[in-house]
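Coordinate inspection notes
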Amino acid sequence: MEQINGEGTENSPLDCIVIGAGPGGLQACIHLGRYNFRVKLFHTPGGRTGYAKHIENYLGLRVVSGPELLQTGLAQVESFGVAVVRAKVERVEVRQGLFEVQAAGKIYHSRFVIAASGARETLAPFKNLPRFFGTSYYTCMICDGYRTTGKKLLVIDRTINGMRLSVGMKQMFTRDVTFLAHGFSLAPVYKALLEDEGIALVEGRPEELLGETALEGVRLSDGRVIPCEVILGWGGITLNDEYLEGLDLERDAEGFKIMTRGAGESSIPGLFVLGALRHGHSQAIISAGQGAEAAIEISTRIVEL
Ligand SMILES: Cc1cc2nc3c(=O)[nH]c(=O)nc-3n(C[C@H](O)[C@H](O)[C@H](O)COP(=O)(O)OP(=O)(O)OC[C@H]3O[C@@H](n4cnc5c(N)ncnc54)[C@H](O)[C@@H]3O)c2cc1C
């Protein structure tokens, strides 16, 4: 593997390499760049924030789209002298107290690494879902529950959790809630509970979302149509953490998200983890706060304050 000349070699390591240009990685870079440290940011386009059409819960911005937030953030990062490299990080290893980061056919060395590469969506296989994702088909109550306020809502879930979610949605956002139990039948006790709460129940298999520009409903495999204006549906995430595979990182009880301690440091000293990769709640503003905290912690170690 080629060793690059100048910054980022074994003899002249970078202060920090940041992986991922979501809100977490960008905020870390803003802080690190303003310390005049030698920093490289690696990123590939995409990321969950790119799907967010209307972020309304970010302090100081009444409403901003995810792409707009990221574009402004990237320009801000570059203005503070951080080198931005559009390349996927393939591997991170630790050797003799330094990190070796492999990207675009080269190896870069650094004293610290911030992993902020987030996660990617696994969407339900319903026909036309991409047409409505982020505008009327949502997968995150924290992000988008508010946008269902007063609307005709269909909650779709493959587990009993959907029932709890339906009750919560009714308490917080809208009186008009239907729960679609996707591919399973609810026990009588739960059916009675939903009835008491005034939540309609449908059991069946959704196949297609209906509507050209505005969502009109869902067609089930048996031909029934359930009208709705908005959906809170199931979806999963896969972490963008393949490049960390060789490291013995402490994970949560499910062996999924990465556990961190003070300021987001992982069980590998000097490797900080932010955002969706890390155990805990994930939101754009939380990632940004975590990015700032990790960068400040790294600065105190570099200058030994
Ligand atoms: C539809 C939708 C709506 C949302 N709405 C809101 C909202 O209203 N408010 C809110 O606070 N949050 C919202 N979120 C959640 C928010 O986007 C996430 O919590 C946030 O993105 C987490 O940020 P992050 O920095 O961890 O990662 P991300 O935003 O996912 O960014 C990670 C970046 O790393 C890059 N990357 C991945 N792998 C590599 C690699 N190997 N090498 C280099 N780069 C890599 C990705 O391409 C991406 O650019 C929403 C999410 C979705 C999907």
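What you see is a predicted model, and the numbers here were worked out from it, not measured in a lab.

1. Concerning the overall build of the protein chain
If you tally the helices and strands in the protein chain, you get 7 helices and 18 strands. Its C-alpha atoms put the protein chain at 70 × 35 × 35 Å along the principal axes. Out of the 305 residues belonging to the protein chain, those deemed buried represent 50%. Of all intrachain contacts in the protein chain linking residues separated by at least 6 positions in sequence, the fraction that spans at least 24 positions is 58%. Carbon and sulfur atoms make up 50% of the accessible area of the protein chain, which totals about 14,900 Å². Put simply, the protein chain has 31 plus and 35 minus side-chain charges, and the middle of one group is 3 Å from the middle of the other.

2. Section: the sheet that holds strand β12 (residues 200-204)
The pairing of strands in a sheet comes from backbone hydrogen bonds and takes either a parallel or an antiparallel form. With parallel pairing, the 5 strands of this open sheet are ordered in space as β9-β16-β10-β11-β12. Single-partner strands in this sheet number two, and they are β9 (137-138) and β12. Both strand β10 (residues 153-157) and strand β16 (residues 230-232) contribute to a ladder of 3 bridges, which runs parallel. Bridge pairing links Leu 153 to Val 230 in β16. Contacts between helix α5 (residues 161-172) and the sheet are confined to β10, β11 (177-182) and β16, with β10 contributing the most and set at about 160 degrees to the helix.

3. Some points on a nonpolar patch on the surface
On the surface, Leu 59, Ile 285 and Ile 286 cluster together into a nonpolar patch covering about 280 Å² of accessible area. In this structure, Ile 285 sits in helix α7 (residues 284-302). Using a relative accessible area of 35% as the deciding quantity, one classes Ile 285 as partly exposed.

4. Digging into the site of the ligand
If you check the shell around the ligand, you find 37 residues, and the closest are Thr 44, Thr 49, Val 89, Ser 282 and Ala 284. Within the backbone of Gly 46, a nitrogen or oxygen atom sits 3.2 Å from an oxygen atom of the ligand. A distance of 2.5 Å separates an oxygen atom of the ligand from a polar atom in the side chain of Thr 49. Here the ligand, which alone exposes 1,000 Å², has 97% of that area covered by the protein.

5. Remarks on the environment of Ile 237
Along the chain, the position of Ile 237 falls in strand β17 (residues 235-239). Using a relative accessible area of 30% as the deciding quantity, one classes Ile 237 as partly exposed. Leave out the neighbours within four places in its chain, and Ile 237 touches Arg 48, Ala 119, Arg 120, Glu 121, Thr 122, Phe 256 and Lys 257.

6. A word on the sheet that holds strand β13 (residues 206-210)
Pairing within the open sheet is antiparallel, and its 3 strands lie in the order β13-β14-β15. Where the open sheet ends on each side, the last strands, each with one partner, are β13 and β15 (225-227). Shown here is a sheet whose adjacent strand axes are inclined to one another by a mean of 25 degrees, direction ignored.

7. Examining the domain arrangement of the protein chain
When cut into domains, the protein chain gives domain 1 (2-118 + 240-302) and domain 2 (121-235). Residue-level contacts link 8 residues of domain 1 with 9 residues of domain 2. Across the interface of domain 1 and domain 2, roughly 820 Å² is buried in total on both sides, 47% from carbon and sulfur atoms. Between domain 1 and domain 2 we count 2 salt bridges in total.

8. A look at the packing of α5 against helix α6 (residues 188-197)
To characterise two packed helices, one gives the angle between the axes of the helices and the distance between these axes. The interhelical angle for the contact between α5 and α6, taken along N-to-C directions, is 10 degrees, at an axis separation of 11 Å. Taken together, the axes of α5 and α6 lie roughly parallel to each other. Residues Met 163, Val 167 and Lys 170 of α5 pack against Tyr 190, Leu 193, Leu 194 and Glu 197 of α6. Its residues assigned to classes, the contact of α5 with α6 comprises 5 nonpolar, no polar and 2 charged.

Scoring rules and cut-offs
- Residues numbered from 1 in each chain as written.
- Predicted model: local features only at pLDDT ≥ 70, side-chain atom pairs only at ≥ 80, totals over all residues.
- Heavy atoms only, no water.
- Helix = DSSP H or I, 4+ residues; strand = E, 2+ residues; numbered from the N terminus.
- Buried < 20%, exposed > 50% of the residue type's maximum accessible area, 1.4 Å probe, protein only.
- Contact = heavy atoms within 4.5 Å.
- Areas by Shrake-Rupley, 256 points an atom, 1.4 Å probe, with all protein chains shown as cover.
- Lys, Arg positive; Asp, Glu negative; His and termini not counted.
- Charge placed at Lys NZ, Arg CZ, Asp CG, Glu CD.
- Pairing = 2+ DSSP bridges.
- Axes fitted to C-alpha atoms, helices over the stretch in contact; angles between N-to-C directions.
- Patch = residues over 30% accessible without salt bridge, like charges linked within 9 Å, V, L, I, M, F, W, Y side chains within 5 Å.
- Salt bridge = Lys/Arg side-chain N within 4 Å of Asp/Glu carboxyl O.
- Near = heavy atom within 4 Å.
- Polar contact = N/O pair within 3.5 Å; in protein donor to acceptor, adjacent residues only side chain to side chain.
- Domains from an automatic or database assignment.
- Buried area = accessible area lost by both parts, 1.4 Å probe.
- Parallel < 35°, antiparallel > 145°, perpendicular 65-115°, else oblique.
- Nonpolar A, V, L, I, M, F, W, Y, C, P; charged D, E, K, R; others polar.

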